[in-house]
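What follows is the residue order along each chain.
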Amino acid sequence: MTSYQAPDTSTIDKILDHAHFDAQGLVAAITQSAEADGAVLMMAWMNREALRETLATGKVCYYSRSRQQLWRKGETSGQRQELVSARLDCDGDAVLLLVRQTGVACHTGRRSCFYHEVVPEGLRDTEAPRISPEALYAKHV
């Protein structure tokens, strides 16, 4: 697994121009582990500034719709994401981020946000929290 190498500013601008942000100025960002298991860790949103920062620094940054501000993954929990590779889909309206995840990705203390499995009886949790949310956020607040 190679380390991410940031493009220059001019190239980042061209990449951003290729991305198709929605009416709210957002693009869906799917985050996947760059480790051998390739686990899908989470889905979040990025605005142009968040995608620019991610591509320029290699440290994943999202846009929080609820807080209406940039959300630098791990700034309150310590559960950071280091970019290994970024890809746009064929339409440019979704971004796939391959990352090295420090700790858990989900705010519930689970490795992945995708832990609710659909079964005939309804939903079943596929994993228990690895750390309580209270412990997760108490460390870095």
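See the structure shown above.
Rules used throughout
- Residues numbered from 1 in each chain as written.
- Predicted model: local features only at pLDDT ≥ 70, side-chain atom pairs only at ≥ 80, totals over all residues.
- Heavy atoms only, no water.
- Helix = DSSP H or I, 4+ residues; strand = E, 2+ residues; numbered from the N terminus.
- Buried < 20%, exposed > 50% of the residue type's maximum accessible area, 1.4 Å probe, protein only.
- Polar contact = N/O pair within 3.5 Å; in protein donor to acceptor, adjacent residues only side chain to side chain.
- Salt bridge = Lys/Arg side-chain N within 4 Å of Asp/Glu carboxyl O.
- Patch = residues over 30% accessible without salt bridge, like charges linked within 9 Å, V, L, I, M, F, W, Y side chains within 5 Å.
- Areas by Shrake-Rupley, 256 points an atom, 1.4 Å probe, with all protein chains shown as cover.
- Axes fitted to C-alpha atoms, helices over the stretch in contact; angles between N-to-C directions.
- Parallel < 35°, antiparallel > 145°, perpendicular 65-115°, else oblique.
- Left-handed = near helix turned anticlockwise from the far one by under 90°.
- Contact = heavy atoms within 4.5 Å.

Chemist: Help me understand unusual backbone geometry in this model?
Modeler: Glycine aside, a negative phi is what most residues show, and trans is what most peptide bonds show. Phi at Q68 is positive, roughly 55 degrees, even though this residue is not glycine. Residue placement: Q68 occurs in the loop between β3 (61–64) and β4 (69–72).

Chemist: Help me understand the side chain of S112, please; the structure alone is not making it clear to me.
Modeler: With respect to the helices, strands and loops of the structure, S112 is situated in the loop between β6 (94–101) and β7 (116–119). On the basis of relative accessible area, S112 is assigned to the buried category, the value being 8%. For S112, the side chain forms a polar contact with the main-chain nitrogen of F114, separated by 3.0 Å.

Chemist: Explanation requested: the pattern of salt bridges in the structure shown.
Modeler: Working definition: two side chains of opposite charge can pair if their charged atoms are close together. All chains considered together, the criterion is met by eight salt bridges. For D37, the salt bridge identified is with R111, shortest N-O distance 2.7 Å. Taken together, the residues D37 in the loop between β1 (26–33) and β2 (40–47) and R111 in the loop between β6 and β7 connect sequence positions 74 residues apart. With a shortest N-O distance of 3.1 Å, R100 and E82 are connected by a salt bridge. Taken together, the residues R100 in strand β6 and E82 in strand β5 (residues 81–88) connect sequence positions 18 residues apart. Residue classification places E82 among the partly exposed residues on the basis of a relative accessible area of 37%.

Chemist: What's the story with a nonpolar patch on the surface in this structure? I'm lost.
Modeler: On the surface, V40, M43 and F114 cluster together into a nonpolar patch covering about 260 Å² of accessible area. Position of F114 relative to the elements: it lies in the loop between β6 and β7.

Chemist: What's the story with the packing of helix α1 (residues 9–18) against helix α2 (residues 48–57) in this structure? I'm lost.
Modeler: The packing of two helices is summarised by the inter-axis angle and the distance between the axes. Taken N-terminus to C-terminus, the directions of α1 and α2 make an angle of 140 degrees; their axes are 10 Å apart at the nearest point. Considered as vectors, α1 and α2 are oriented oblique to each other. α2 is crossed by α1, and the crossing has right-handed handedness. Here I12, D13, I15, L16 and D17 of α1 come into contact with α2, specifically with R48, L51, R52, L55 and A56.

Any link to function would need more than the numbers given here.
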